[in-house]
Amino acid sequence: MTDLFDPRHAAHLDEVDALPTRRDQFLIPRHGDGEQAYFVGNSLGLQPRGARAHVEEVLDAWATRAVEGHFTGEAQWMTYHTLVREQLGRLVGARPSEVVAMNTLTTNLHLMMVSFYRPTAERPAIMIEAGAFPSDRHAVESQIRFHGFDPDTDLIEVAPDEPNGTLSMSAIEAAIREHGHRLALVLWPGIQYRTGQFFDLPAIVRLAHAHGARCGFDLAHAVGNRELALHDSGVDFAVWCHYKYLNSGPGAVAGCFVHEKHADADLPRFAGWWGHEPATRFLMAPEFKPTPGAEGWQLSNPPILGLAPLRASLELFDEVGMDALRAKSLRLTGYLEALIHERLADVLQVVTPAEPERRGCQLSLRVAGGRDRGRALFEYLAAHGVLGDWREPDVIRISPAPLYNTHADVLRFARTVEAWRDAA
Ligand SMILES: *Cc1c(COP(=O)(O)O)cnc(C)c1O
């Protein structure tokens, strides 16, 4: 029988994998004489080797052509955001006109709520999951107050109903049924950051729309991790960041999706000159004429240096494709799960749903014995070059990213946990 814990087995899995690793196209942080096993791509993805050239290109253009860089050269700044438009669309299952790279995630969430959260006395409420990422909750709560409504009654939070703190579709359905008549907006994560649970986006959209609510998604942990079909799913809007699975660097320019059905709609919005149609933008006229589609929500001319690394990242995603990447992700995360079940079940409880369809790369692992023991294991792993991340009160998140993590990385995690347990 195959020994899953045999390094030769992991090496063999890497060798025969249908999608050879792109690890050599990334800069892998060092640990001692070797490399880290880096599982924190859900927090800050690694630097693609191609990023530096794109950043230097911008610096060079600035140095040599200064203001002319706006309208000369292949990657001129005036239209720089359009360089990523088609690839970004393919990544999230959208038409190019439905996506734009701009701002940062929470900023985009606010801009989208300005347009898509239109509360009335009869329909003032927003529905989110209980335990939402704090920034999302702050944004939603402040929007409710901004419109003169009361989060105590108008922020509806759906509590997890499954033993590990995950949410069943039937709980979501029951909540939307119960509160549907008061809902202006359902805002949901693609993947829950703490548990790693992936949701059925089309089903949530159908439910929200059936009850007369708009439906938007925060895809921070889903983009570049799961296949998405935003256009076909009828999602009204979505926002995400590019520094997690998209490997575009700290504080990278974020992403935003607005469904084509809203492209020409006369939605209220907070406007800025970069959202004005390009043909007449520089006539500098006082009235605002939005660019049709997602680009009409832009405010400012974008931070070109912040956008540059995204080009390198999207080139890789586009070359590999989300389907092949997801297939590899299933193999890597499946291997991680198998290793835990085989020998580590007394130490680690998998919080993330067991059905591969209901998760992405990440497994959230609760350490037996409580918080102190969890912290001790987390620190032991880090000291041995195995980097996951810690989420209070007792969860270690491990996210094998299929572009650069390998079966050997995954085995290294499992063997380090084993060594820690056996030494205790
Ligand atoms: C990472 C993350 C954020 C971060 O927001 P920024 O505006 O990029 O700082 C927000 N929400 C969720 C769900 C996240 O996972």
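For clarity, every value in this text was computed on a predicted model and none was experimentally measured.

A.B. asks: I'd like a description of the sheet that holds strand β14 (residues 363-367), backed by residues and values.
C.D. replies: An order of β13-β14-β17-β16 is seen for the 4 strands of this open sheet, with the pairing classed as antiparallel. Among the strands making up the open sheet, the edge pair consists of β13 (348-350) and β16 (389-391). Geometrically, the sheet is characterised by an average inter-axis angle of 35 degrees between neighbouring strands, direction not taken into account. Taken together, the 3 bridges between β16 and strand β17 (residues 395-398) define a ladder with antiparallel strand orientation. Bridging across to β17, D389 finds its partner in R397. Where helix α13 (residues 371-383) meets the sheet, it contacts β13, β14, β16 and β17, and its direction lies at approximately 165 degrees from that of β16.

A.B. asks: Tell me about a nonpolar patch on the surface, residues and numbers included.
C.D. replies: Taken together, the side chains of L59, W62 and L305 make up a nonpolar region of the molecular surface, amounting to roughly 300 Å² of accessible area. Mapped onto the secondary structure, L59 falls in helix α2 (residues 51-65). Look at L59 and you get partly exposed, because its relative accessible area is 35%.

A.B. asks: Summarise empty space enclosed by the protein; cite the residues concerned and give the values.
C.D. replies: The tally for this structure, following the rule as stated, stands at 1 cavity of 30 Å³ or more. Each pocket or cavity is described by its volume, and for the largest cavity that value is around 60 Å³. In terms of lining residues, the largest cavity is bounded by G224, Y245, N247, F317, L325, A401, P402, L403 and Y404. Structurally, the lining of the largest cavity is a two-domain feature, drawing no fewer than three residues from each of domain 1 (7-35 + 321-423) and domain 2 (54-319).

A.B. asks: Quick rundown of the nonpolar core? Include the residues and the values.
C.D. replies: By size, the foremost hydrophobic cluster in this structure holds 65 residues, and its most contacted members are M127, V186, W188, F217, L219, L230 and W240. Broken down by element, this core gets its largest block of residues, 8 residues, from helix α11 (residues 304-320). When near neighbours in sequence (up to four residues on either side) are disregarded, V186 contacts M127, I176, I204, A208, A213, R214, C215 and G216. L4, Y335, L365 and L377 belong to the second-largest nonpolar core, a separate cluster that totals 30 residues.

A.B. asks: I'd like a rundown of helix α3 (residues 85-92), residues and numbers included.
C.D. replies: Q87, L88, G89, L91 and V92 are the residues of α3 that are buried. At its buried positions, α3 is contacted by β6 (99-101), α9 (230-233), β11 (237-240), α11 and α12 (322-344). Within two residues after α3, G93 carries a phi angle of roughly 70 degrees, on the positive side.

A.B. asks: Account for the site of the ligand, naming residues and giving values.
C.D. replies: Around the ligand, a shell composed of L105, T106, F133, D136, D218, A220, H221, Y243 and K244 is seen. Note that an oxygen atom of the ligand is positioned 3.1 Å from one of the side-chain N or O atoms of H221. Contact between the ligand and K244: an oxygen atom at 2.5 Å from a side-chain N or O atom of the residue. Compared with its free state, where it exposes 390 Å², the ligand has 82% of that area covered by protein. When atom positions are compared with the pocket grids, the ligand is found to occupy the largest pocket. Here the residues of the shell around the ligand are counted per class, giving 4 nonpolar, 2 polar and 3 charged.

A.B. asks: Could you give me a rundown of the domain arrangement of the protein chain, with the residues and numbers involved?
C.D. replies: How big an interface is tends to be reported as the loss of accessible area on association of its parts. Assigned domains of the protein chain: these are domain 1 (7-35 + 321-423) and domain 2 (54-319). Distance between the C-alpha centres of domain 1 and domain 2: 29 Å. For the domain 1 face of the interface with domain 2, the top three residues by lost area are M322, V351 and R358, together amounting to 25%. Taken together, the links from domain 1 to domain 2 amount to 4 salt bridges. Considering each element in turn, the side of domain 1 that touches domain 2 owes the most residues, 4 residues, to α12. Among the residues making up the side of domain 1 that touches domain 2, the classes are represented as 11 nonpolar, 8 polar and 10 charged.

A.B. asks: A description of the side chain of S329 should follow, citing residues and the corresponding values.
C.D. replies: Secondary-structure assignment places S329 in helix α12. You can call S329 buried: its relative accessible area is 0%. Setting aside anything within four residues of it in sequence, one finds S329 in contact with G334, G360, C361 and P402.

A.B. asks: Give me the lowdown on the UniProt feature "modified residue: N6-(pyridoxal phosphate)lysine" (unreviewed entry) in the protein chain, citing residues and values where you can.
C.D. replies: The sites that carry the UniProt feature "modified residue: N6-(pyridoxal phosphate)lysine" (unreviewed entry) are, in the present numbering, K244. One can find K244 in the loop between β11 and β12 (255-258). Other than its neighbours up to four places away in sequence, K244 contacts G41, N42, S43, L44, G45, A220 and H221.

Criteria and thresholds
Residues numbered from 1 in each chain as written. Predicted model: local features only at pLDDT ≥ 70, side-chain atom pairs only at ≥ 80, totals over all residues. Heavy atoms only, no water. Pairing = 2+ DSSP bridges. Helix = DSSP H or I, 4+ residues; strand = E, 2+ residues; numbered from the N terminus. Axes fitted to C-alpha atoms, helices over the stretch in contact; angles between N-to-C directions. Contact = heavy atoms within 4.5 Å. Patch = residues over 30% accessible without salt bridge, like charges linked within 9 Å, V, L, I, M, F, W, Y side chains within 5 Å. Areas by Shrake-Rupley, 256 points an atom, 1.4 Å probe, with all protein chains shown as cover. Salt bridge = Lys/Arg side-chain N within 4 Å of Asp/Glu carboxyl O. Buried < 20%, exposed > 50% of the residue type's maximum accessible area, 1.4 Å probe, protein only. 1 Å grid on protein atoms, 1.4 Å probe; cavity = no way out; pocket = protein on both sides within 12 Å on 5 of 7 lines; lining within 4 Å. Points joined across faces, edges and corners; volume = space filled by probe spheres on them. Domains from an automatic or database assignment. Core = buried A, V, L, I, M, F, W, Y, C linked by side-chain atoms within 4.5 Å. Near = heavy atom within 4 Å. Polar contact = N/O pair within 3.5 Å; in protein donor to acceptor, adjacent residues only side chain to side chain. Sits in = over half its atoms within 2 Å of the grid points. Nonpolar A, V, L, I, M, F, W, Y, C, P; charged D, E, K, R; others polar. Buried area = accessible area lost by both parts, 1.4 Å probe. UniProt positions renumbered as here; feature names shortened; annotations may be inferred.

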